[in-house]
Every structure is written in structure tokens, then in C-alpha cells.
Amino acid sequence: MAAPWPPRSGKTNTVGKASSQKQSRREMIEKMQRDQARADRNRTLFIVVASIVVGLAIIAYPAIRLIQDSRTKNQAITELGVAAGSASCDKVIDDPASGTQDHKPDGEVIAYPVSPPSSGPHYAVWAPFGKKFYTVDDRPAVPNLVHNLEHGYTILWYRDTLAKDQIDLIEKISKAKLPDSSTGKFIAAPFKESEGKPWPEGKNVAFSHWSGNAAGGTTAFGHRQFCGSVSGEALQQFMDKYPASDAQEPNGG
């Protein structure tokens, strides 16, 4: 039987195999490109969605705070914190007062005889009348706040080391409905251990008020009360006992 013509060669198989391998590589590269494009789209989509969520949160947070503050505004302070009987409050301390209209230059160090101060020399400028809550980051100097006491303010001083949830509660009290006796003259502010004599052990909050001359006499008093826990009810009892009208200069502010 005659041999086939022309004779078969292995060259055709080699070329076909090479072409097949080239096709496979091209398909693999195209698949990798598609996978990469899909991953890029997913990453872009994630970034867009995350940005939208963060943006909505930024927009929503002030609105939520506004709603919360609006509700708090109509809430009596007696509803916030523990009951007065559970606040571990000491009896009110009456301090002989001094320093009416005794204005000192800003920055001068004033050593108050009691801590926190309930009267005494102070700077000529008082803390803003419209602001009722301060943190360690924005609080005015103590002598500025003492000037507010002269005008009938009650100050709730709290340890600057107090737990955040308790500080948040104090801020809420400052935004709530104050008793009529205060006429809105109230400030909550932190007090540092380095700013005065040590407080009684276990006391984290102190109220102070500067009364005018009692019964037309010549002796005025500062009043302080220490409490272990935050109590809107205890604060209201203190402010009712020492109203804003009972002050050295009640018409100021």
C-alpha cells in the first residue's frame, strides 16, 4: 500500500498547541481584567455608600441633638439624677462673705479661702450670662465665675475627673427647666483639684451661691453644699433656699 503524500509532520501539531496556549493565556488575562474591574466597581460602590452613610450621620446628629434638647427644655430638673435623699448631700455650709465689687486684674492669682469659692474678689468680666454648661476645655477662669455669683447665680461645680455619663447628666440638667427662683441664673462648671482646697471625701458635686446682707444687716454669706451624686432635686432645693434675688447685686445679668 502506498504511503500518504505528502508525509505527515509534527510541526502542525506544535503550531496548534502553541496557538491553544496563547489563546488560554489571553482568556486568563481577560478574566483577570474582568475580575479586577469588578473588584474596582465594588470598592467604588462601597466608598460611595460609606460616604453617604457618614454624610447622613453628620446631618442627622445635630437634628437628633436638637430634638433631644427640645424635649429636655420642658423637663423639670427634679426628674434628672438621683433623688435628693440618695445623693449623699452634706448640710449647707455658710461662709462669711467678702469681696463685693472687689475687681482684680485679669490673670491675677486669687487664693480663695474656701473650695469651691462662694464669694470673694473676682475679675471685672463675668462669664457669659447665656451659657449654662462648661467643660474643662471651655470653662472661664474661676474668678470670672465668682463674679457671676455676685449677680445671683448658683453654680454647680463638678470634679473634672467625674465620669462622662455623669457629666452628660449635668449638661442635661443645665438644659432642663430650672426653678423660677433661679430666674435662669445657673452655671455648671468643672473644678480642678489644683484650684483650691481638697473637697470632702466622696463628694463629686458642689453648689455655691453668694447671698446679700441678711435682713438688712451688714453680714453677707456665701453658701456651699457638697453631694456625692448628681441630683436635680437636690439642686432645686438649694436654689429655692437661695434664690437669684438673694444676691449682692441681683439686678446684674
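Details of the structure are given in the entry above.
Residues numbered from 1 in each chain as written. Predicted model: local features only at pLDDT ≥ 70, side-chain atom pairs only at ≥ 80, totals over all residues. Heavy atoms only, no water.

1. Things to note about the overall build of the chain
Then comes step 1: A count of helical and extended segments in the chain gives four helices and seven strands.
Then comes step 2: Along the chain direction, N to C, the helices and strands of the chain fall in the order α-β-β-β-α-β-α-β-β-β-α.
Then comes step 3: Residues counted as buried form 36% of the 253 residues belonging to the chain.
Then comes step 4: Of all intrachain contacts in the chain linking residues separated by at least 6 positions in sequence, the fraction that spans at least 24 positions is 74%.
Then comes step 5: Accessible area of the chain: about 15,100 Å², with a carbon and sulfur share of 57%. (Helix = DSSP H or I, 4+ residues; strand = E, 2+ residues; numbered from the N terminus. Buried < 20%, exposed > 50% of the residue type's maximum accessible area, 1.4 Å probe, protein only. Contact = heavy atoms within 4.5 Å. Areas by Shrake-Rupley, 256 points an atom, 1.4 Å probe, with all protein chains shown as cover.)

2. Quick notes on the pattern of salt bridges
Then comes step 1: By the definition in use, this model includes ten salt bridges.
Then comes step 2: With its nearest N and O atoms 3.5 Å apart, the salt bridge here joins Lys-131 to Asp-138.
Then comes step 3: Overall, the relative accessible area of 33% leaves Lys-131 in the partly exposed class.
Then comes step 4: Residues participating in the shared-partner salt-bridge network are Lys-31, Asp-35 and Arg-38. (Salt bridge = Lys/Arg side-chain N within 4 Å of Asp/Glu carboxyl O.)

3. Considering the nonpolar core
Then comes step 1: Ranked by internal contacts, the top residues of the largest apolar core, which has 24 residues, are Leu-156, Ile-170, Phe-207 and Leu-235.
Then comes step 2: At the level of elements, strand E4 (154-159), helix H3 (164-175), strand E5 (186-191), strand E6 (205-213) and helix H4 (232-241) are the ones that each hand at least two residues to this core.
Then comes step 3: Not counting residues within four places of it along the chain, the set of residues in contact with Leu-156 comprises Ile-170, Phe-186, Ile-187, Ala-188, Ala-189, Val-205, Ala-206, Phe-207 and Leu-235.
Then comes step 4: Core analysis: the next-biggest nonpolar cluster, separate from the first, contains 19 residues, Ile-110, Trp-157, Ile-187 and Trp-199 among them. (Core = buried A, V, L, I, M, F, W, Y, C linked by side-chain atoms within 4.5 Å.)

4. Details of the side chain of His-209
Then comes step 1: Relative to the assigned elements, His-209 resides in strand E6.
Then comes step 2: Among the polar contacts made by the side chain of His-209, one reaches the main-chain carbonyl oxygen of Pro-243 at a distance of 3.3 Å. (Polar contact = N/O pair within 3.5 Å; in protein donor to acceptor, adjacent residues only side chain to side chain.)

5. Quick notes on H4
Then comes step 1: Listed in full, the buried residues belonging to H4 are Gly-232, Ala-234, Leu-235, Phe-238 and Met-239. Along H4, the residues classed as buried sweep out an arc of 160° about the axis, all on the same side. (Arc of directions from axis to C-beta.)

6. Let's talk about the packing of aromatic side chains
Then comes step 1: According to the stated counting rule, one finds eight aromatic pairs in the structure shown.
Then comes step 2: Pairing Phe-129 with Tyr-153 gives two aromatic rings, centres 5.7 Å apart and planes at 20°, and the pair type is stacked. Here Phe-129, found in the loop between strand E3 (122-123) and helix H2 (142-150), pairs with Tyr-153, found in the loop between H2 and E4; they are 24 residues apart in sequence, far enough to count as distant.
Then comes step 3: Judged by its relative accessible area of 2%, Tyr-153 is buried. (Phe/Tyr/Trp six-rings, centres within 6.5 Å; stacked < 30°, edge-to-face > 60°.)

7. Concerning H2
Then comes step 1: A large share of H2 lies buried, amounting to nine of its nine residues.
Then comes step 2: All of the buried residues in H2 are Val-142, Pro-143, Asn-144, Leu-145, Val-146, His-147, Asn-148, Leu-149 and Glu-150.
Then comes step 3: Phi turns positive, to about 100°, at Gly-152, one or two residues after H2.

8. Things to note about the state of the cysteines
Then comes step 1: On inspection of all chains with the given rule, the structure shows one disulfide.
Then comes step 2: The residue that forms a disulfide with Cys-89 is Cys-227, at a sulfur-sulfur distance of 2.0 Å. Negative torsions about the S-S bond denote left-handed disulfides, and the value of about 105° found for Cys-89 with Cys-227 makes this one right-handed. Of the two residues, Cys-89 sits in the loop between helix H1 (11-73) and strand E1 (93-96) while Cys-227 sits in strand E7 (residues 220-227), which places them 138 residues apart along the sequence.
Then comes step 3: We classify Cys-89 as partly exposed; its relative accessible area is 26%. (Disulfide = S-S within 2.5 Å.)

9. Here's the deal with the side chain of Gln-225
Then comes step 1: Inspection of the secondary structure assignment puts Gln-225 in strand E7.
Then comes step 2: Side-chain polar atoms of Gln-225 contact the backbone oxygen of Asp-90, separated by 2.9 Å.
Then comes step 3: If we ignore the near neighbours within four places in the chain, the residues touching Gln-225 are Cys-89, Asp-90, Val-92, Val-205, Ala-206, Phe-207 and Phe-238.

10. Focus: the layout of surface pockets
Then comes step 1: Taken as a whole, the second largest pocket encloses approximately 160 Å³ of empty space.
Then comes step 2: If you go around the second largest pocket, you meet 14 residues; those closest to its centre are Arg-159, Lys-192, Glu-193, Pro-198 and Trp-199.
Then comes step 3: In terms of residue class, the lining of the second largest pocket is built from four nonpolar, four polar and six charged. (1 Å grid on protein atoms, 1.4 Å probe; cavity = no way out; pocket = protein on both sides within 12 Å on 5 of 7 lines; lining within 4 Å. Points joined across faces, edges and corners; volume = space filled by probe spheres on them. Nonpolar A, V, L, I, M, F, W, Y, C, P; charged D, E, K, R; others polar.)

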